[in-house]
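Chain residues, written in single-letter form:
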Amino acid sequence: MEHKTIELPYSFDALEPHIDAKTMEVHYSKHHQGYAAKMNEVLAKYPNLSEEDPEELLKKVDSLDMDSVDKQKFINFGGGFVNHNLFWSVMGPEKQIDEDLVAQIEKTFGGVDEFKEKFNGLAGTLFGSGWTWLVKTPEGELEVYNLPNQDSPLSKSHTPILTLDVWEHAYYLKYQNRRPEYIDAWWNVVKMIP
Ligand code: MN
(Lines give C-alpha, C1' and ligand atoms only; values in the text may rest on other atoms or scores of the structure.)
Protein backbone atom coordinates (compact mmCIF):
# COMPACT_ATOMS: atom_id res chain seq x y z
CA MET A 1 0.00 0.00 0.00
CA GLU A 2 1.02 3.63 -0.49
CA HIS A 3 1.86 5.37 2.75
CA LYS A 4 1.19 9.09 2.92
CA THR A 5 2.96 11.72 5.02
CA ILE A 6 0.90 13.50 7.66
CA GLU A 7 -0.80 16.68 6.55
CA LEU A 8 1.20 19.66 7.72
CA PRO A 9 -0.81 20.81 10.78
CA TYR A 10 -0.28 24.52 9.94
CA SER A 11 0.46 26.70 6.95
CA PHE A 12 3.96 27.04 5.49
CA ASP A 13 4.32 30.52 6.96
CA ALA A 14 2.90 29.67 10.41
CA LEU A 15 6.33 29.31 12.05
CA GLU A 16 7.73 32.59 10.73
CA PRO A 17 10.07 34.22 11.50
CA HIS A 18 11.78 31.30 13.22
CA ILE A 19 11.28 28.80 10.41
CA ASP A 20 10.68 30.63 7.14
CA ALA A 21 7.86 29.74 4.73
CA LYS A 22 10.12 28.84 1.82
CA THR A 23 12.11 26.38 3.90
CA MET A 24 8.90 24.81 5.21
CA GLU A 25 7.47 24.51 1.71
CA VAL A 26 10.56 22.89 0.21
CA HIS A 27 11.17 20.73 3.26
CA TYR A 28 7.62 19.37 3.41
CA SER A 29 6.67 19.34 -0.29
CA LYS A 30 9.97 18.16 -1.72
CA HIS A 31 12.14 16.49 0.88
CA HIS A 32 9.47 14.77 2.95
CA GLN A 33 7.36 13.77 -0.04
CA GLY A 34 10.54 12.48 -1.67
CA TYR A 35 11.28 10.23 1.30
CA ALA A 36 7.70 8.94 1.19
CA ALA A 37 7.86 8.17 -2.52
CA LYS A 38 11.21 6.39 -2.24
CA MET A 39 10.09 4.42 0.82
CA ASN A 40 6.94 3.32 -1.03
CA GLU A 41 9.06 2.32 -4.00
CA VAL A 42 11.23 0.04 -1.86
CA LEU A 43 8.28 -1.43 0.04
CA ALA A 44 6.43 -2.13 -3.20
CA LYS A 45 8.84 -5.04 -3.68
CA TYR A 46 7.63 -6.50 -0.37
CA PRO A 47 3.81 -6.45 -0.47
CA ASN A 48 3.42 -8.05 2.97
CA LEU A 49 5.69 -5.51 4.64
CA SER A 50 4.14 -2.57 2.82
CA GLU A 51 0.84 -3.28 4.60
CA GLU A 52 2.47 -2.56 7.96
CA ASP A 53 2.98 0.79 9.62
CA PRO A 54 6.51 2.01 8.75
CA GLU A 55 7.07 2.81 12.44
CA GLU A 56 6.44 -0.83 13.30
CA LEU A 57 8.82 -1.94 10.56
CA LEU A 58 11.56 0.33 11.89
CA LYS A 59 11.13 -1.16 15.38
CA LYS A 60 11.98 -4.61 14.05
CA VAL A 61 14.20 -3.56 11.17
CA ASP A 62 17.02 -5.95 12.12
CA SER A 63 14.80 -8.98 11.61
CA LEU A 64 12.99 -7.83 8.45
CA ASP A 65 13.29 -10.29 5.60
CA MET A 66 14.64 -7.88 2.99
CA ASP A 67 17.57 -7.76 0.63
CA SER A 68 20.36 -5.85 2.46
CA VAL A 69 20.48 -3.03 -0.09
CA ASP A 70 16.69 -2.60 0.12
CA LYS A 71 16.84 -2.73 3.90
CA GLN A 72 19.33 0.13 3.99
CA LYS A 73 17.07 2.07 1.61
CA PHE A 74 14.15 1.45 3.93
CA ILE A 75 16.20 2.63 6.93
CA ASN A 76 17.04 5.81 5.01
CA PHE A 77 13.71 6.62 3.35
CA GLY A 78 11.40 5.03 5.92
CA GLY A 79 13.34 6.86 8.61
CA GLY A 80 12.96 10.09 6.66
CA PHE A 81 9.24 9.45 6.32
CA VAL A 82 8.68 8.76 10.03
CA ASN A 83 11.13 11.33 11.42
CA HIS A 84 9.60 14.23 9.52
CA ASN A 85 6.07 13.21 10.56
CA LEU A 86 7.22 13.69 14.16
CA PHE A 87 9.18 16.85 13.41
CA TRP A 88 6.12 18.66 12.01
CA SER A 89 4.06 17.45 14.95
CA VAL A 90 6.30 18.79 17.71
CA MET A 91 6.24 22.27 16.20
CA GLY A 92 3.42 24.79 16.06
CA PRO A 93 2.68 28.49 16.12
CA GLU A 94 1.42 28.28 19.71
CA LYS A 95 2.79 26.65 22.82
CA GLN A 96 0.88 23.66 24.22
CA ILE A 97 3.02 22.84 27.21
CA ASP A 98 3.16 19.20 28.28
CA GLU A 99 3.40 19.55 32.06
CA ASP A 100 4.20 15.88 32.65
CA LEU A 101 7.05 15.99 30.18
CA VAL A 102 8.39 19.22 31.66
CA ALA A 103 8.32 17.63 35.13
CA GLN A 104 10.26 14.62 33.88
CA ILE A 105 12.77 16.86 32.10
CA GLU A 106 13.31 18.80 35.33
CA LYS A 107 13.82 15.58 37.24
CA THR A 108 16.19 14.07 34.67
CA PHE A 109 18.24 17.06 33.58
CA GLY A 110 17.86 19.42 36.55
CA GLY A 111 15.73 21.94 34.67
CA VAL A 112 14.42 22.96 31.27
CA ASP A 113 17.36 25.29 30.66
CA GLU A 114 19.85 22.57 31.52
CA PHE A 115 18.04 20.19 29.17
CA LYS A 116 18.09 22.70 26.33
CA GLU A 117 21.77 23.36 26.91
CA LYS A 118 22.53 19.68 26.59
CA PHE A 119 20.27 19.26 23.55
CA ASN A 120 21.71 22.36 21.86
CA GLY A 121 25.25 21.18 22.50
CA LEU A 122 24.51 17.92 20.72
CA ALA A 123 22.66 19.59 17.84
CA GLY A 124 25.39 22.18 17.44
CA THR A 125 28.17 19.64 17.14
CA LEU A 126 26.45 16.95 15.08
CA PHE A 127 28.86 16.26 12.22
CA GLY A 128 27.33 15.62 8.83
CA SER A 129 23.58 15.09 8.51
CA GLY A 130 21.35 13.78 11.24
CA TRP A 131 18.90 14.52 14.00
CA THR A 132 19.08 15.34 17.70
CA TRP A 133 16.64 13.31 19.78
CA LEU A 134 14.86 13.32 23.11
CA VAL A 135 13.63 9.78 23.66
CA LYS A 136 12.13 7.57 26.30
CA THR A 137 13.84 4.25 26.97
CA PRO A 138 11.90 1.03 27.59
CA GLU A 139 12.57 1.67 31.30
CA GLY A 140 10.80 5.03 31.03
CA GLU A 141 13.95 7.15 31.34
CA LEU A 142 14.57 10.22 29.18
CA GLU A 143 17.73 10.36 27.08
CA VAL A 144 19.15 12.80 24.55
CA TYR A 145 21.50 11.87 21.75
CA ASN A 146 22.31 12.37 18.08
CA LEU A 147 21.68 9.84 15.35
CA PRO A 148 23.20 10.11 11.87
CA ASN A 149 21.31 10.33 8.58
CA GLN A 150 17.65 9.31 8.97
CA ASP A 151 18.27 6.62 11.60
CA SER A 152 15.32 6.28 13.97
CA PRO A 153 15.36 5.71 17.76
CA LEU A 154 12.55 3.22 17.08
CA SER A 155 15.22 0.83 15.81
CA LYS A 156 16.89 1.05 19.26
CA SER A 157 13.57 0.27 21.03
CA HIS A 158 13.36 3.90 22.14
CA THR A 159 10.25 6.07 21.86
CA PRO A 160 10.94 9.40 20.13
CA ILE A 161 9.53 12.37 22.06
CA LEU A 162 11.11 15.43 20.49
CA THR A 163 13.47 15.84 17.58
CA LEU A 164 15.35 18.48 15.67
CA ASP A 165 16.28 18.05 12.02
CA VAL A 166 19.90 19.16 11.70
CA TRP A 167 20.26 18.37 8.01
CA GLU A 168 21.34 21.52 6.17
CA HIS A 169 18.13 21.41 4.09
CA ALA A 170 16.24 22.20 7.31
CA TYR A 171 17.84 25.62 7.77
CA TYR A 172 20.24 26.61 5.02
CA LEU A 173 17.94 28.95 3.04
CA LYS A 174 17.47 31.23 6.03
CA TYR A 175 20.41 30.56 8.31
CA GLN A 176 23.15 29.35 5.92
CA ASN A 177 26.04 28.19 8.10
CA ARG A 178 24.60 29.73 11.29
CA ARG A 179 23.27 26.50 12.75
CA PRO A 180 23.30 27.74 16.38
CA GLU A 181 20.87 30.53 15.37
CA TYR A 182 18.53 27.96 13.82
CA ILE A 183 18.67 25.82 16.95
CA ASP A 184 17.93 28.77 19.24
CA ALA A 185 15.08 30.00 17.02
CA TRP A 186 13.57 26.52 16.81
CA TRP A 187 12.77 26.43 20.54
CA ASN A 188 10.25 29.23 19.93
CA VAL A 189 8.14 26.89 17.83
CA VAL A 190 8.53 23.72 19.91
CA LYS A 191 5.04 23.27 21.33
CA MET A 192 5.43 21.16 24.45
CA ILE A 193 8.34 22.79 26.24
CA PRO A 194 8.38 26.41 27.43
MN1 MN B 1 14.57 17.13 6.79
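Up top is the structure these notes are about.
Residues numbered from 1 in each chain as written. Predicted model: local features only at pLDDT ≥ 70, side-chain atom pairs only at ≥ 80, totals over all residues. Heavy atoms only, no water.

(A) Representation of unusual backbone geometry in the model. Cis rather than trans, the peptide bond between E16 and P17 has omega equal to 0°. In this fold, P17 is placed in the segment before α1 (21–43). Positive phi outside glycine occurs at N149, with the angle close to 55°. Tracing the sequence through the fold places N149 in the loop between β2 (142–148) and β3 (159–165). For N149, a relative accessible area of 39% puts it in the partly exposed group. (Helix = DSSP H or I, 4+ residues; strand = E, 2+ residues; numbered from the N terminus. Buried < 20%, exposed > 50% of the residue type's maximum accessible area, 1.4 Å probe, protein only.)

(B) Structural context of the coordination of the manganese ion. Coordination of the manganese ion by the protein is provided by H27 (NE2), H84 (NE2), D165 (OD) and H169 (NE2), with metal-donor distances spanning 1.9 to 2.1 Å. In the primary structure, the donors to the manganese ion are separated according to the pattern H-x56-H-x80-D-x3-H. Residue H84 is located in helix α4 (residues 68–90), and its partner H169 is located in the loop between β3 and α7 (172–175); the two are separated by 85 residues in the primary sequence. (Donors = N, O, S within 2.8 Å, 3.2 Å for Na, K, Ca; no water.)

(C) Main features of helix α5 (residues 99–109). Among all positions in α5, only L101, V102, Q104, I105 and F109 are buried. Buried residues in α5, looked at end-on, bunch into an arc of 165°, giving them a common side. Seen from the buried face of α5, the exposed residues on the opposite side, beyond 90 degrees, are E99, D100 and K107. Residues of α5 that are buried in the fold lie against α6 (112–125), β1 (130–136), β2 and β3. For α5, the capping residue at the N-terminal end is D98, with a side-chain oxygen 3.2 Å from the backbone nitrogen of D100. Backbone geometry just downstream of α5 places G110 in the positive-phi region, at approximately 90°. (Arc of directions from axis to C-beta. Contact = heavy atoms within 4.5 Å. Polar contact = N/O pair within 3.5 Å; in protein donor to acceptor, adjacent residues only side chain to side chain.)

(D) The arrangement of the pairing of β1 in detail. Counting buried positions along β1 gives 6 out of 7 residues, so the element sits mostly inside the fold. Note that β1 and β2 share 7 bridges and pair antiparallel. Pairing of V135 across the sheet is with E143, part of β2. In textbook terms, the turn of a hairpin is the stretch between consecutive antiparallel strands, and for β1 and β2 this stretch comprises 5 residues, one of which, G140, has a positive phi near 90°. Where β1 and β3 come together, 6 bridges link them in antiparallel fashion. Residue pairing for β3: W131 is matched across the bridge by D165. (Pairing = 2+ DSSP bridges.)

(E) Structural detail: the side chain of S50. Its place among the elements puts S50 in helix α2 (residues 47–50). For S50, a relative accessible area of 4% translates into the label buried.

(F) Representation of the pattern of salt bridges in the model. Under the defined criterion, the tally for this structure stands at 4 salt bridges. Here E52 makes a salt bridge to K60, at a shortest N to O gap of 2.8 Å. Residue K60 is classed as partly exposed on the basis of its relative accessible area, which comes to 35%. Between K59 and E56 there is a salt bridge, with the nearest N and O atoms lying 3.1 Å from each other. Placement of the pair is K59 and E56 together in helix α3 (residues 54–59), with a separation of 3 residues, close to one helical turn. With a relative accessible area of 43%, K59 lands in the partly exposed category. Judged by its relative accessible area of 36%, E56 falls in the partly exposed class. (Salt bridge = Lys/Arg side-chain N within 4 Å of Asp/Glu carboxyl O.)

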